[in-house]
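Chain by chain, the residues run as shown.
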Protein chains: 2
Amino acid sequence: MTFVKKPVTGMRDILPEEMEVRNHLMSVIREVYVSYGFSQMETPVVEHIENLTSKQGGDNEKLIFRILKRGEKLLEAGREAEGGDLEGLADSGLRYDLTLPLARYYANNQARLQKPFKALQMGPVFRADRPQKGRFRQFVQCDIDILGDPTNLAEKELIFATTEALTRLGMDKYGFKVYINDRRILFGMVRYAGFPVEDTEKILIVLDKADKIGAEGVDSELSSMGYEAEAIKKLRELLFSYSGTAEAARRMGQDIDDEEIRQAAENVADIMDTVTSARHRSIDICFDPTLVRGMGYYTGTIFEVKVESFGSSICGGGRYDRMIGKFTGQDVPAVGFSIGFERIVTILSEEGAGLSAHKKKLAFLIEKDMPKDRLSEVFELCRRERESGHIVFMAWMAKNKKFQKEGLMAEGYEEIKEFYK
Amino acid sequence: MTFVKKPVTGMRDILPEEMEVRNHLMSVIREVYVSYGFSQMETPVVEHIENLTSKQGGDNEKLIFRILKRGEKLLEAGREAEGGDLEGLADSGLRYDLTLPLARYYANNQARLQKPFKALQMGPVFRADRPQKGRFRQFVQCDIDILGDPTNLAEKELIFATTEALTRLGMDKYGFKVYINDRRILFGMVRYAGFPVEDTEKILIVLDKADKIGAEGVDSELSSMGYEAEAIKKLRELLFSYSGTAEAARRMGQDIDDEEIRQAAENVADIMDTVTSARHRSIDICFDPTLVRGMGYYTGTIFEVKVESFGSSICGGGRYDRMIGKFTGQDVPAVGFSIGFERIVTILSEEGAGLSAHKKKLAFLIEKDMPKDRLSEVFELCRRERESGHIVFMAWMAKNKKFQKEGLMAEGYEEIKEFYK
C-alpha cells in the first residue's frame, strides 16, 4: 500500500499562518458586501456535467474535473466506454466558477429569493489547468452578483462595493484601476469594421490576446486568418482611438454611426460618471475598448480591476443576461464581479500583511506527570484566561524547553507560564 | 442542450437564511477552538485515490466520489478499462473525512508545524451515501486534532474544548452527554471472552449495531455466525456490567485479569476524573463499553457526544496513533474530535436559532429614472449609513411597492427610505 504525502498535482496544503491571512481577508470582504445588502449563499462544489459542458464556460470547459458514475450506472457506462465513449463515464464534475452554479441556483430557488437578488459567494472552484507558479487547480473565488436588475444601477453598485472591499483589504496603496467596456461595443466594432458577423467570436479570441501580443500581433494574426487589410486597419483604429474617459466613450458613440455602439458607449459613460462622482474617495476608472474577457457568457458591460505593477488582473466581471434563461426558458438580467482572492492573498502575504493578532496569546507549559488535582487547577486557570478573552495554548514541557519556548514566541505567544508538580 | 435546475443527487443549495446560521455557528466554533490554541489549516478537497482507498476509512471507502484521469492518461486508462479495469480510470477522489487528509498534511508539513500540533479544520467532505432525509452527500465537518501527544492530556483538552463549543452554540439546554470507551477495552474483551483474535474486527462490526438491534440482536447475530454460546454470554456480561462512572471503569479493570484492559480502563477513568473535576460547569461524561465507532483507524480512546432526544450522535472522535506512520514510516500519536456540523445546524435552525442580526438593516428604494446627480447623492447617503455600521440594501422602487416593502421587512429591513426624483 502506497501512501502519498504531497497533495494532488496542482493543489496545495494551507499552513496556519496563511490560513489566518485568508480568514481575515474573507471576513473583511464579507463585512463590506453584507453592508451593501448582499446575502451569502452556497451551491455544492459538485455540479451536473450537462450544466458544466453547456458552452457557457468558454475555455474553462476544457479544464473540468469529471466525477465517475457509481454502481450499476458505472458498469453500464464502462460497457459503453468499450466503444470509445469515455464521455459517458462521468455524471458530474467540480465547478470551474461560481457563476454557472449561481444561475442554476437562481433558477431552482427563485421564488424564495429577494428581488433583485444580491448574492455573495465565497468558495473553492476547480480547474485542471497546466500547473504553473502561483496558479492552482483548487482556488477560492469571492463573487457578488445582482440578478433581476436590467439597469446599470447594478453595475454601479458592484463597482462601488468591490472597490470599497479592495480598499479595506489595503489594496489602494498599489493604485488599482477599474477597466470597463461593453461586449456590444466589441460586437459592433467587428461588424462596423467589415468582418463577417458569424466570425465575431473567433475575432474576439484574437483581440483578447492584445495584452500579450500587442496591436501588431493582433493585426498579423487576423491577417493570417485571411481577413482583408482594410477591415483590420479599421478595427485597429476603432479600438485604439477612444480609450480613457467617459467623454472618449461618448465621442466614440457620436463618431460611429451605429445604434448598438452608441447605446453601449452611453451605458459605459453613464456608469463612469456615477462612479467618479463619489466624493468620499476617488475611484480610478478607465474605458478600454480592447477589453474582451475570456468567458463565453457575457452579453453587455464587462470590467476588470488591475494594478499596473502586477501582470494579471485582480478582479473581473460583467453582465450575462442570457444564462439564467437557459435554465428557466425566461431570461433574467444578471451582472457579477469576482475578486481574485488567491492573487490578493499572495500579494498581501508577500508583504507580511500586517495582521496584528488582536488577542493576547499565552502558553502554559506543564511538567510531565503532574498529579491530577494539580492538573485540574491548571485547566481551571486556562479557562479563566480564555474567559478574559485570551488564547491559551497548553502543552507538556518539552525536554528541550528553550527550543520549545523559542518556537512558541515565534508564533506570537508573548507570555509563557510554567507549571511544576 | 439540457440544463438541470436541481442540484446533483444528494447535494443541496444553501439559502441565505441558513447561510447566516451556518456562518454564525462557524465563527463561534472557530473562536472557542482558537482560544484553546488550535490553528486552523486546510487541505484540498481532492485527495489521491491511493490514500482514500488505503483501508483507513472503513465503510466510507465504499462511498468515494472518484475523479477521472485527464488527457493522455485517461485515454490509456480507457484502453485498460476495456479489460474491465474501471478502477484505473480515476487518479483522485473527494475526501470522505478530514482526518485522513490531516494525516497526509502532517506528514508533508511536519517540519513547519508546532509540536504538539493542534489543528482546527472546517470544511466540506463528500460521501456517495444512499440519499435519505437529513443526510447529504456534501456536508461540513469541524474537527480538532492534537498530533504528537501520546498522553491523555490531549483527550482531556479535546473534551473540554468541544463541550465548551457545544455550550456556546446553545446545545447545553438539550442536555448533551459525552460517551467514552477505549478500543483496547473492546479488543481485550473479545479476546478475554474467548473469541478468536483474528475475528475481532468482524465482531466489532456486530457490536457497533447494538444501538439498533439491542443486546439480544447482537447475541443472535454472533450466534448465527457460529460462535460458541459461552463466549457470547461472557462478552455480553463484560459489555453490560460496567458502564457509567469512572469507578465502574476501574472496577472493570480490577475484575478482569487482563493487563491491556486494566490499562485502558485506567486511561478512561483518569480522563473522566479530570473532566468531571471542572468547577465552572458540570460536564456529563459516561463510560460506555459498548461504544465502538465505525471508522477503521482508531487505536485507543474513542468518544461520542449524544443528546438523548435525537437519535444520532452530534460529535465523535478518538485516538488514531498509527495513521500518520503509514505516510512517514514513523508513528505519531494523534487524537481528534469532530463536530457533526450539519446535525447542529438542523437542530438550531428548526428552533429558529435566535440569530438576532446585530446590525441595523436599512433599505433605500429609488424611483425609476432618477437623474444622475440625484442618484450620486443617494449613493453618498448609503455610504454614510454603511460607515455608521448599518447594512444598506439599495434597489429600484418596484411597481408593486407594498409587496416589495413587505418582502424587505420579512427579511429584517426595519427602516425603508424612499427617494423620488
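Residues numbered from 1 in each chain as written. Chains lettered and ligands numbered in written order. Predicted model: local features only at pLDDT ≥ 70, side-chain atom pairs only at ≥ 80, totals over all residues.

1. A short note on the overall build of chain A
Moving on, step 1. Broken down by element type, chain A carries 15 helices and 14 strands.
Moving on, step 2. Taking the principal axes of its C-alpha atoms as reference, chain A extends roughly 90 × 65 × 45 Å.
Moving on, step 3. Across the 421 residues in chain A, those meeting the buried criterion constitute 45%.
Moving on, step 4. Partitioning the intrachain contacts of chain A with sequence separation of at least 6 by distance along the chain shows that 69% fall at a separation of at least 24. (Helix = DSSP H or I, 4+ residues; strand = E, 2+ residues; numbered from the N terminus. Buried ≥ 20, exposed ≤ 12 C-beta atoms within 10 Å, placed from the backbone. Contact = placed C-beta atoms within 7 Å.)

2. Quick look at the relation of the copies chain B and chain A
The relation between the two copies of this chain is a rotation about an axis and a shift parallel to it.
Moving on, step 1. The transformation that overlays chain B on chain A combines an axial shift of 0.0 Å with a rotation of 180°, and the residual RMSD is 0.0 Å. The operation mapping one copy onto its partner corresponds to a two-fold rotation axis. In terms of proximity to the rotation axis, the leading residue of chain B is Ile67(B), whose C-alpha is 2.2 Å off the axis.
Moving on, step 2. The residues that chain B uses at the interface reappear at the interface of chain A in 100% of cases, marking a shared surface. (Least-squares fit on C-alpha atoms with pLDDT ≥ 70 in both.)

3. Let's talk about the interface of chain B and chain A
Moving on, step 1. Counting residues at the interface gives 84 residues for chain B and 84 residues for chain A.
Moving on, step 2. Ranked by residue count, the leading element in the side of chain B that touches chain A is helix H14 (residues 372-387) of chain B, at seven residues.
Moving on, step 3. Here the residues of the side of chain B that touches chain A are counted per class, giving 41 nonpolar, 21 polar and 22 charged. (Nonpolar A, V, L, I, M, F, W, Y, C, P; charged D, E, K, R; others polar.)

4. Points about the domain arrangement of chain A
Interface extent is often summarised as the accessible area lost during association of the parts.
Residues and elements named next belong to chain A.
Moving on, step 1. Domain parsing of chain A yields domain 1 (16-44 + 97-350), domain 2 (46-94) and domain 3 (361-419).
Moving on, step 2. Just the C-alpha atoms count here: the centres of domain 1 and domain 2 sit 29 Å apart.
Moving on, step 3. Between domain 1 and domain 2, the residue contacts involve 15 residues of the former and 15 residues of the latter.
Moving on, step 4. A total of three residues in the side of domain 1 that touches domain 2 trace back to one element, the largest contributor, which is helix H4 (residues 99-109).
Moving on, step 5. Among the residues forming the side of domain 1 that touches domain 2, the class breakdown is eight nonpolar, two polar and five charged. (Domains from an automatic or database assignment.)

5. Observations regarding the sheet that holds strand S10 (residues 313-319) of chain A
Residues and elements named next belong to chain A.
Moving on, step 1. Spatially, the eight strands line up as an open sheet ordered S1-S5-S6-S11-S10-S9-S7-S8, and their pairing is mixed. Two strands in the sheet have a free side with no partner beyond their single neighbour: strand S1 (39-40) and strand S8 (285-287).
Moving on, step 2. Sheet topology note: the strand S9 (residues 301-307)/S10 ladder contains five bridges and is antiparallel. Directly across from Val305, in S10, lies its bridge partner Cys315. (Pairing = 2+ DSSP bridges.)

6. Observations regarding the environment of Lys360(B)
Residue and element names in this part refer to chain B.
Moving on, step 1. The residue Lys360 is located in the loop between helix H13 (341-350) and strand S12 (361-366) in this model.
Moving on, step 2. Overall, Lys360 belongs to the partly exposed group, with 15 C-beta atoms counted inside 10 Å.
Moving on, step 3. In the structure, Lys360 is positioned 25 residues away from Glu385 in sequence and 9.7 Å away in space, judged by C-alpha atoms.
Moving on, step 4. When neighbours within four sequence positions are excluded, Lys360 is seen to be in contact with His390 and Glu414.

7. Examining the pairing of strand S10 (residues 313-319) of chain B
All names here are of chain B.
Moving on, step 1. Among the seven residues of S10, six are classified as buried, and the element is accordingly described as predominantly covered.
Moving on, step 2. Two successive antiparallel strands, strand S9 (residues 301-307) and S10, enclose a turn made up of five residues.
Moving on, step 3. Where S10 lies against strand S11 (residues 334-339), five bridges are found, and the strand directions are antiparallel. Considered in S11, the bridge of Gly318 is made with Gly336.

8. Concerning the packing of helix H14 (residues 372-387) of chain A against helix H11 (residues 259-276) of chain B
Moving on, step 1. Close contact between H14(A) and H11(B) brings their axes to 9 Å; oriented N to C, the two are set at 45°. As far as their axial angle goes, H11(B) and H14(A) are oblique. H14(A) and H11(B) meet at a crossing whose hand is right-handed. Along the contact surface, H14(A) presents Lys372(A), Leu375(A), Ser376(A) and Phe379(A), while H11(B) presents Asp270(B), Asp273(B) and Thr274(B). (Axes fitted to C-alpha atoms, helices over the stretch in contact; angles between N-to-C directions. Parallel < 35°, antiparallel > 145°, perpendicular 65-115°, else oblique. Left-handed = near helix turned anticlockwise from the far one by under 90°.)

9. Side note on the pairing of strand S5 (residues 117-126) of chain B
Residue and element names in this part refer to chain B.
Moving on, step 1. In terms of burial, S5 is largely enclosed, as eight of its 10 residues are buried.
Moving on, step 2. Bridge count for strand S1 (residues 39-40) against S5 is two bridges, and the pairing is parallel. Counterpart to Ser39 in the pairing with S5 is Ala119.
Moving on, step 3. By the bridge criterion, 10 bridges tie S5 to strand S6 (residues 138-147) in an arrangement that is antiparallel. Bridging across to S6, Phe117 finds its partner in Leu147.

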